[in-house]
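Close look at the chain arrangement
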Amino acid sequence: MRPFRPTLRFFARWALPWSLLTAACTPGFAAPPGAAGPTPVAAPAESPPDPPSPPHPPALPPIRDHLIPWTAEREALTEAYLQAHRTAPLSGNPEVDTRMVPRAIVLHWTAGPTAASAWATFAPDHLAGRDDLRAGGDLNVGAHYVVDRDGTIERLFPDDRVVRHCIGLNHLAIGVENVGGDAAHPLTAAQVAADIALIRGLAARYPIEVLLGHLEYRRMEGSPLFEERDPAYRTTKPDPGAAFMASVRAGLTDLPLAEPPKGR
Ligand SMILES: [Zn+2]
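Okay, so let's go over this structure. (Residues numbered from 1 in each chain as written. Predicted model: local features only at pLDDT ≥ 70, side-chain atom pairs only at ≥ 80, totals over all residues.)

Observations regarding the overall build of the protein chain
The cut-off we apply is this: A helix here means a DSSP run of H or I that spans at least four residues, while a strand means a run of E at least two residues long, and both kinds are numbered starting from the N terminus. Comment: burial labels come from other C-beta atoms within 10 Å of the residue's own C-beta, placed from the backbone, where a count of 20 or more is buried, 12 or fewer is exposed, and between is partly exposed.
Helices and strands together make up the secondary structure of the protein chain, namely 6 helices and 6 strands. Start at the N end of the protein chain and walk to the C end: the helices and strands fall as α-β-α-α-β-α-β-β-β-α-β-α. Scored against the burial criterion, the 264 residues of the protein chain give a buried share of 29%.

Remarks on helix 6 (residues 242-250)
To keep things clear, this is the line we draw: Directions from the helix axis toward the C-beta atoms define the arc. Contacts here follow a simple rule: the backbone-placed C-beta atoms of the two residues must lie within 7 Å.
For helix 6, the set of buried residues is Phe244, Met245 and Val248. Projected onto a plane normal to the axis of helix 6, the buried residues spread over an arc of 100 degrees and lie on a single side. Away from its buried face by more than 90 degrees, helix 6 exposes Ala242, Ala243, Ala246 and Ala250. Tucked into the core, helix 6 has its buried residues touching strand 2 (104-109), helix 5 (189-205) and strand 6 (210-213).

Quick word on the pairing of strand 5 (residues 173-178)
Burial within strand 5 is extensive, with 6 of its 6 residues counted as buried. With burial as the criterion, each face of strand 5 is covered, one bearing Ala173, Gly175 and Glu177 and the other bearing Ile174, Val176 and Asn178.

Thoughts on the pairing of strand 6
Moving residue by residue along a regular strand, the side chains alternate between the two faces of the sheet. Note the following rule: When DSSP finds two or more bridges between a pair of strands, those strands are recorded as paired.
Residues Val210 and Leu212 point to one face of strand 6 and Leu211 and Gly213 to the other, with burial holding for every one of them. Alignment of strand 2 against strand 6, held across 4 bridges, turns out to be parallel. In the sheet register, Ala104 faces strand 6, and the bridge partner there is Val210.

A closer look at the nonpolar core
The line we're drawing: The nonpolar core is taken to be a set of buried Ala, Val, Leu, Ile, Met, Phe, Trp, Tyr and Cys residues joined by way of C-beta atoms within 7 Å.
Residues Ala104, Ile105, Val106 and Leu169 are the most contacted members of the largest nonpolar core, which totals 47 residues. Counting residues per element, the ones that place at least two in this core are helix 2 (72-85), strand 2, helix 4 (115-122), strand 3 (145-147), strand 5, helix 5, strand 6 and helix 6. In terms of residue count, helix 5 provides more of this core than any other element does, 7 residues in total. Not counting residues within four places of it along the chain, the set of residues in contact with Ala104 comprises Leu169, Leu172, Ala173, Ile208, Glu209, Val210, Leu212 and Leu225.

Here's the deal with the sheet that holds strand 5
Here 6 strands make up an open sheet; going across it, the order is 1-4-3-5-2-6 and the pairing mixed. Two strands bound the open sheet, and with one partner strand each, they are strand 1 (64-65) and strand 6. The pairing of strand 1 with strand 4 (residues 153-155) spans 2 bridges and is parallel. Bridge pairing in strand 4 links Asp65 to Arg155.

So, unusual backbone geometry
The omega torsion of the bond from Asp239 to Pro240 falls at 0 degrees, within 30 degrees of zero and hence cis. By the secondary structure assignment, Pro240 is in the loop between strand 6 and helix 6. Even without being glycine, Ala111 reaches a positive phi, approximately 60 degrees. Following the sequence through the fold, Ala111 ends up in the loop between strand 2 and helix 4. Judged by the 16 C-beta atoms lying within 10 Å of it, Ala111 is partly exposed.

Description of the environment of Cys166
Here Cys166 lies in the loop between strand 4 and strand 5. With 58 residues separating them in the primary sequence, Cys166 and His108 have C-alpha atoms 9.4 Å apart. With sequence-adjacent residues up to four places away left out, Cys166 is seen in contact with Val106, Ala173, Gly175, His214 and Tyr217.

Quick notes on the environment of Gly137
Examined against the element boundaries, Gly137 turns out to sit in the loop between helix 4 and strand 3. The class of Gly137 is partly exposed, set by 19 C-beta atoms lying within 10 Å. In this structure the C-alpha to C-alpha distance between Gly137 and Leu77, which are 60 residues apart in sequence, comes to 8.2 Å. In this structure Gly137 touches Ala80, Tyr81 and Ala84, once residues within four positions along its chain are discounted.

Quick notes on the packing of helix 5 against helix 6
The cut-off we apply is this: Only the stretch in contact is used when fitting a helix axis, every axis being a line fitted to C-alpha atoms; angles between N-to-C directions are given from 0 to 180 degrees. Orientation categories follow fixed angle ranges, with anything under 35 degrees roughly parallel, anything over 145 roughly antiparallel, 65 to 115 roughly perpendicular, and all other angles oblique. What makes a crossing left-handed is the near helix being turned counterclockwise from the far one by less than a right angle; a clockwise turn instead makes it right-handed. Residues are grouped as follows: nonpolar covers Ala, Val, Leu, Ile, Met, Phe, Trp, Tyr, Cys and Pro; charged covers Asp, Glu, Lys and Arg; every other residue, Gly included, is treated as polar.
As a packed pair, helix 5 and helix 6 sit with axes 9 Å apart at the nearest point and diverge in direction by 50 degrees. Between helix 5 and helix 6, the angle is such that the two are oblique. Along this stretch, helix 5 crosses helix 6, giving a crossing that reads as right-handed. Residues Val192, Asp195 and Ile196 of helix 5 form the contact with helix 6, whose participating residues are Phe244, Ser247 and Val248. Broken down by class, the residue content of the contact of helix 5 with helix 6 amounts to 4 nonpolar, 1 polar and 1 charged.

In structure tokens, the structure reads:
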């Protein structure tokens, strides 16, 4: 029998296709661009892998900007308010002094029926019709956020603006007003959920140390965060209710947010 001698034709028909087929099934085979094939094996890294990137902060919930204009008059009134009430010296630069690094969040209720009525109350620069606050200055009250009874969140002021909403804490506290709170407009589960989501997002962005309800603010007296020169300038507040605060706190137990000290 004639011994087998591979010919050029044999190589072209059998040997070459077979070698390509076996190569394609071998790890490390580089398939042509666009062709389906095994993933190339990466060469061993010479440097240690990068450390895992920090997790993204929780996203803020949907927020509708409905900003109250920051007028020169409002800035002047805010500067005057801080000059009269803060115990720490101001810088003398209103643009700096009327800004803050948020370190506390205070929850409120509006005791009014709508977000629009809250906006209309807070929009003027000058305080009107609040005899309990008149002695504290002409700056109008306000809040950074208003949460409607369906959970819709509106932003009225940037987070870093000083807004008058809580005696002793305005220089470092974000104020969140919840629409309602009276018998005809009780606060809702949607507001609890919205407040929790908002606080979670804010706490990821700022060094928030304390979460309190307005009804708890006098328990902050004695804290280094609390600054009020006039020991007689105090109010008694019921908002937003102990039950609402308990519900919001129940959704934030994983965050290191302090409560105001008890015992006052
Ligand atoms: Zn309040």
